[in-house]
Structure formats: C-alpha cells, structure tokens
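The residues making up each chain are set out below.
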Amino acid sequence: MSYFRPSNGAEASDRLAMLTAFAAGFAALVHSLNIWQAYVNADLAAALEMIQLVGGAAVLMIFLPLFIWFKLRRGAPAMNPWKDDGYLGAVVKRAGFTAFAGLLVAALALSTLSKRLLPLISGEIMLDIVISAALALFSLSFFIFSSGPDGDPFEDEA
Amino acid sequence: MTPPLTNRMRVLRAEKNLSQGELAEAIGVSRKTISTIETGRFVPSTVISLRIARYFGVAVEDVFSLTE
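**A word on the overall build of chain B**
- Secondary structure summary: chain B contains five helices and two strands in total.
- Traced from its N-terminal end to its C-terminal end, chain B shows the element sequence β-α-α-α-α-α-β.
- Here the C-alpha radius of gyration of chain B, 11 Å, is about what a compact globule of 68 residues would show, namely 11 Å.
- The 68 residues of chain B split such that 31% are buried.
- By sequence separation, contacts in chain B at least 24 residues apart represent 55% of the contacts at least 6 residues apart.

**Side note on the overall build of chain A**
- Broken down by element type, chain A carries six helices and zero strands.
- Of the regular secondary structure in chain A, the N- to C-terminal order runs α-α-α-α-α-α.
- Residues counted as buried form 27% of the 158 residues belonging to chain A.
- Taking all contacts inside chain A whose residues are at least 6 apart in sequence as the whole, residues at least 24 apart take part in 79%.

**As for helix α2 (residues 42–73) of chain A**
- Over its 32 residues, α2 of chain A extends 46 Å from the first C-alpha to the last, a length consistent with the 46 Å expected when each residue adds 1.5 Å.
- Maximum bend of α2 of chain A: about 30°, positioned at F63 of chain A, with proline P65 of chain A one to four residues after it.

**A closer look at the interface of chain A and chain B**
- Between chain A and chain B, the residue contacts involve 18 residues of the former and 20 residues of the latter.
- Elements with a contribution of two residues or more to the side of chain A that touches chain B: α1 (9–37), α3 (87–112) and α6 (153–157) of chain A.
- No other element matches α1 of chain A, which puts four residues into the side of chain A that touches chain B.
- By residue class, the composition of the side of chain A that touches chain B is six nonpolar, six polar and six charged.

**Quick word on the confidence of the model for chain B**
All names here are of chain B.
- Within chain B, residue pLDDT values average 89, and 96% of them lie at 70 or more.
- Across chain B, helix α4 (residues 46–56) holds the top mean pLDDT of 95, while helix α2 (residues 20–27) sits lowest at 87.
- Here the predicted complex carries an ipTM of 0.81, next to a pTM of 0.78.

**Comments concerning the packing of α1 of chain A against helix α5 (residues 123–146) of chain A**
Residue and element names in this part refer to chain A.
- α5 packs onto α1 with a crossing angle of 155° between their chain directions and a minimal axis gap of 8 Å. Compared by their axis directions, α1 and α5 come out roughly antiparallel. The handedness of the crossing between α1 and α5 comes out as left-handed. Residues A21, F22, A24, G25, A27, A28, H31, S32, N34 and I35 of α1 form the contact with α5, whose own contacting residues are I125, D128, I129, I131, S132, L135, A136, F138, S139, F142 and F143.
- By residue class, the composition of the contact of α1 with α5 is 14 nonpolar, six polar and one charged.

**Describing the packing of α2 of chain B against helix α3 (residues 31–38) of chain B**
Residues and elements named next belong to chain B.
- Interaxial distance between α2 and α3 falls to 8 Å at its minimum, and their mutual angle equals 115°. Considering their axes alone, α2 and α3 lie roughly perpendicular with respect to each other. In the packing of α2 onto α3, the handedness of the crossing is right-handed. For the pair formed by α2 and α3, the contact residues are Q20, G21, L23 and A24 on the first element and R31, T33, I34 and S35 on the second.
- Looking at the contact of α2 with α3, its residues break down into three nonpolar, four polar and one charged.

**Concerning the nonpolar core**
- One finds A21, V91, V92, A95, F138 and F142 of chain A to be the most contacted residues of the largest nonpolar core, which totals 33 residues.
- The set of elements that each furnish at least two residues to this core consists of α1, α3 and α5 of chain A together with α2, α3 and α4 of chain B.
- Broken down by element, the residue count for this core peaks at nine residues, all from α1 of chain A.
- V91 of chain A has contacts with F142, F145 and S146 of chain A, leaving out every residue within four places of it along the chain.

**A word on the environment of T46 of chain B**
- Considering the arrangement of structural elements, one finds T46 of chain B in helix α4.
- Residue classification places T46 of chain B among the exposed positions, given that 9 C-beta atoms sit within 10 Å.

**Some thoughts on unusual backbone geometry**
Residue and element names in this part refer to chain B.
- Even without being a glycine, N17 presents a positive backbone phi close to 55°.
- Looking at the element boundaries, N17 is found in the loop between α1 (9–16) and α2.
- Residue class for N17 comes out exposed when judged on the 8 C-beta atoms lying within 10 Å of it.

What counts, and where the lines are drawn
- Residues numbered from 1 in each chain as written.
- Chains lettered and ligands numbered in written order.
- Predicted model: local features only at pLDDT ≥ 70, side-chain atom pairs only at ≥ 80, totals over all residues.
- Helix = DSSP H or I, 4+ residues; strand = E, 2+ residues; numbered from the N terminus.
- Rg over C-alpha atoms; globule rule 2.2 N^0.38 Å.
- Buried ≥ 20, exposed ≤ 12 C-beta atoms within 10 Å, placed from the backbone.
- Contact = placed C-beta atoms within 7 Å.
- Expected span 1.5 Å × (residues − 1).
- Bend = angle between axes of the 7 residues up to and from the residue.
- Nonpolar A, V, L, I, M, F, W, Y, C, P; charged D, E, K, R; others polar.
- pLDDT = per-residue confidence, 0-100.
- Axes fitted to C-alpha atoms, helices over the stretch in contact; angles between N-to-C directions.
- Parallel < 35°, antiparallel > 145°, perpendicular 65-115°, else oblique.
- Left-handed = near helix turned anticlockwise from the far one by under 90°.
- Core = buried A, V, L, I, M, F, W, Y, C linked by C-beta atoms within 7 Å.

Laid out in structure tokens, this is it:
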C-alpha cells in the first residue's frame, strides 16, 4: 500500500484528514506573507507577493487534485474525516475546536487592545494575523494530537 | 473523570492471526484507529465497539472493560 493508494475507504479518509491539516498549515504560511509585506521595503514586498502567488497556485495545483483523489477513493459515503467516528476524525474535530477557541481568544484580545493597536496596525493586517493564526493552530494541533507511537506489534515482531 | 478503559483486542487478534490492517479493513475503520484503540489512546464510539465485538463473535464486555 503506497501513500497515494490507500488500501480501503477508511485509510483514504485518514489521508484526506492529514492532507487537509497539511494544506491548512501551508495556507497559513502563504497567508501570513500578507503581514510581512506591510513591513518590508517595496522590492521585498514584491518578491513576497510573487512567493504568495506561487504558493497559492501550489495549493490549487497540488493539494486540490490530491484532495479530489482521496475523496474519490474514500468509498462509502459515511467515511468522511469530519463525520466518521474513527481516530483521525476525532483528531480533526479536536483540532478544529482548538483553532476555534484560539480564534475567539485572539479576536477578544484584539478587540480589547484595538484602541492601542489600531494606530500601529491596520485592521486588514489584524484580520490577516487572526486568519493565519487560526489556520496554523488547526494544522499544528492536528499534528500534535495525532502524533505518538503507531504500529502493529505483531507485524513488528515478524 | 472517565475511568480508564482496557481492551483485549490484541489477544483476540492474535487468536485469529490478524494484522491491524486486516481487522481495520474488515470493520471499516483505518489502521490508525485500531492501533490507537489497542494502546488506549483512543476510546472508540459505541458503533465501532459493537462492530469489533461482532467481528470477533463475542460480547462488547468481552472486548472492552473498565479497570475499576
């Protein structure tokens, strides 16, 4: 069984969850370039914009076909990382909840500090920070929650 | 607090000479789900627990039990 040819629908569903978390992390990285563009000189900002464009295209050209590929290989319609009750389905939900909680805390903190922050940071940059942080938090929590020992002791012994 | 859950899945698998992947495929979950249930990192849903018990032809209580 290769990574791109999962043995069954449940494995495909797990791959879909991992791919989503990886794509969210990548999207966070690409989106966060918006923030840096506001604080660097014009040449560097233009270069960052180009990197962002290439990154955005990579998300569409690499992750989207893979996403469709795994979605088609999922088999039974019930096998969906957001709906099924398997391990990675639970991790996706937990990571989603963590990202939502982080987003709420960040929005509350920014709202409280808005009078002090708005003269220094534009509202647009604030939104970019919140969006990038939420995507990064989802991706990071997914990989932290799903990490740990994994393996079949019987197959390891063989 | 939820009391710890133990299970006899590894024993039942050994009796049938099954790999985690084979069991996962038979009950329609991923291998990672089986491996994390066995190590106690993941508490399965009622549906998955019933599917596992039905596959081995035993009662759910013969697969899963509370340690206290």
